[in-house]
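Geometric and topological summary
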Amino acid sequence: MHIPDGYLGPGTFIAFWIIMIPIWIYAGKKMGTLGSKRVPLLALASAFAFVIMMFNLPVPGGSSGHAVGGAVIAVVIGPWAAVIAISIALALQALMFGDGGLTAYAANCFSIAVIMPFIGYYTYKFISGNTDIKSSRRVIAIAIGAWLSITVAATFVGFILGLQPILYRGANGLPLYMPYPLSVTVPAMFLEHAFAFSIVEALVSALIFVYIQRTDTSIFYAEKAAPREVSKKSTRDLAIGMLFLIILTPLGLLAAGTAYGEWAPEELKARVGYTPPGLEKLSDLWHAPIPDYGFSNLPPVLGYILAAAIGVILCMGILYFMGKKIAKD
């Protein structure tokens, strides 16, 4: 779901920038209501989004993908704060590690940082209703919300990608950017998520939710209540869990294949027989300092762990600074 540079035509990616800028501004204002006492939780949420997306999973056909945690993050810090937290994680992935394009950044944020948190959060709210915070119905609600959130977001990405051959063609009639049509992109994105990655998303979200249910329910976002302080013990336990995830990130290296729609130009050429000229031009726009979360002078496992640590530290540092500046007591 990290659309690279070159897969979206100018009219498409500019439209998403126009859409996202006011969303980010409003989300920043809404984040102020989170409360300074919950800023560490905001920082940890962004870091979690970053690191969980490093756990790539293979699917039949040679593709791969990952969970995001958008729904459970929204349930913990609220959907508007989730927009900012996930957007920062996506920005660092694009700038530092080349995971997602700069031109496509706003489109990626719309699908991952807007569609996912809001669909996940309000599906959870609708299904859970007025049940007790520790009820099993809420676990089912977050699982369904998480499954639906990433399935809808992925299908939306498939729709946007499939529009590109309709919107942009060269004089020779060939697509200038993403070459696959809607009849290919939408089923591909829907099926591999609905029956694979979305199930993983649901399981991960439910497990995290159950853990919070049993340890400290004050962590959950209270939409119509004053911001609640999260205990130091809970913050420490979540930080330890984050460290554990960082150590486990090399498991993401086991997944062979590239995620659908994230192919490098040469890989796409091998698939369709040519490189769309617009895609080839935009794909060389930015060279990340740590491409593909690896270091040339380190073994892949150590490099992946170091990249995860760098990403987590940057996410937490940026969100902590932003939160302290914006959040109100």
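Preceding this section is the structure that the text describes.
Description of the structure in this document. Every value quoted in this text rests on a predicted model; they were computed, and no experiment measured them.

Here we take up the pattern of salt bridges. The full count for this structure, using the stated rule, is one salt bridge. Notably, a salt bridge pairs Asp-237 with Lys-233, separated by 2.9 Å at the nearest N-O pair. One end of the pair is Asp-237 and the other is Lys-233, both in helix α8 (residues 232-248) and four residues apart, which spans about a single turn.

The final tally for this structure, using the stated rule, is two cavities of 30 Å³ or more. Estimates place the volume of the largest cavity at around 70 Å³. Around the largest cavity, the lining residues are Met-1, Ser-64, Gly-65, His-66, Met-189, Glu-192, His-193, Ala-259, Tyr-260 and Glu-262. Contributions of two or more residues to the lining of the largest cavity are made by β2 (63-65) and α7 (182-215). Looking at the lining of the largest cavity element by element, the count peaks at three residues for α7. A class-by-class count of the residues in the lining of the largest cavity yields four nonpolar, four polar and two charged. Taken as a whole, the second largest cavity encloses approximately 30 Å³ of empty space. Lining the second largest cavity we find Met-1, His-2, Ile-3, Val-157, Leu-161, Met-189, Tyr-260, Gly-261 and Glu-262. Its residues assigned to classes, the lining of the second largest cavity comprises six nonpolar, two polar and one charged.

We now examine the packing of helix α4 (residues 79-97) against helix α5 (residues 105-128). When two helices pack together, their arrangement is given by the angle between the helix axes and the distance between those axes. For the pair α4 and α5, interaxial distance at closest approach is 9 Å and the crossing angle is 145°. Between α4 and α5 lies a crossing whose hand is right-handed. Contacts from Pro-79, Trp-80, Ala-82, Val-83, Ile-86, Ser-87, Ile-88, Leu-90 and Ala-91 of α4 reach α5 at Tyr-105, Asn-108, Cys-109, Ile-112, Ala-113, Val-114, Pro-117, Phe-118 and Tyr-121. Of the residues belonging to the contact of α4 with α5, the class tally is 16 nonpolar, two polar and no charged.

On to the packing of aromatic side chains, then. Taken as a whole and judged by the stated rule, the model has 22 aromatic pairs. On the basis of an interplanar angle of 85° and a centroid distance of 6.1 Å, the ring pair of Phe-16 and Phe-156 is categorised as edge-to-face. With Phe-16 in helix α1 (residues 10-31) and Phe-156 in helix α6 (residues 136-167), this pair connects stretches of sequence that are 140 residues apart. Note on Phe-16: relative accessible area 7%, which makes it buried. With 5.5 Å between their ring centres and 50° between their planes, Phe-110 and Phe-156 make a pair best called tilted. Of this pair, Phe-110 sits in helix α5 while Phe-156 sits in helix α6; the two residues are 46 residues apart in sequence, bridging distant segments of the chain.

Moving on: the layout of surface pockets. When its volume is computed, the largest pocket comes out at roughly 990 Å³. Forming the boundary of the largest pocket are 37 residues, of which Phe-97, Gly-98, Asp-99, Glu-262 and Asp-292 lie nearest the centre. Each residue belonging to the lining of the largest pocket can be placed in one class, and the counts come to 19 nonpolar, twelve polar and six charged. Empty space within the second largest pocket amounts to approximately 670 Å³.

On to the environment of Ser-198, then. Secondary-structure assignment places Ser-198 in helix α7. Note on Ser-198: relative accessible area 0%, which makes it buried. Counting along the chain gives 133 residues from Ser-198 to Gly-65, while the straight-line C-alpha distance between them is 9.9 Å.

So, about the packing of α8 against helix α11 (residues 300-326). Where α8 contacts α11, the axes come no closer than 8 Å and their chain directions differ by 145°. Residues Met-242, Ile-246 and Ile-247 of α8 lie in contact with α11, whose contacting residues are Ile-305, Ala-308, Ala-309 and Val-312. Across the contact of α8 with α11, the residue classes tally to seven nonpolar, no polar and no charged.

Calculation rules
Residues numbered from 1 in each chain as written. Predicted model: local features only at pLDDT ≥ 70, side-chain atom pairs only at ≥ 80, totals over all residues. Heavy atoms only, no water. Salt bridge = Lys/Arg side-chain N within 4 Å of Asp/Glu carboxyl O. Helix = DSSP H or I, 4+ residues; strand = E, 2+ residues; numbered from the N terminus. 1 Å grid on protein atoms, 1.4 Å probe; cavity = no way out; pocket = protein on both sides within 12 Å on 5 of 7 lines; lining within 4 Å. Points joined across faces, edges and corners; volume = space filled by probe spheres on them. Nonpolar A, V, L, I, M, F, W, Y, C, P; charged D, E, K, R; others polar. Axes fitted to C-alpha atoms, helices over the stretch in contact; angles between N-to-C directions. Left-handed = near helix turned anticlockwise from the far one by under 90°. Contact = heavy atoms within 4.5 Å. Phe/Tyr/Trp six-rings, centres within 6.5 Å; stacked < 30°, edge-to-face > 60°. Buried < 20%, exposed > 50% of the residue type's maximum accessible area, 1.4 Å probe, protein only.

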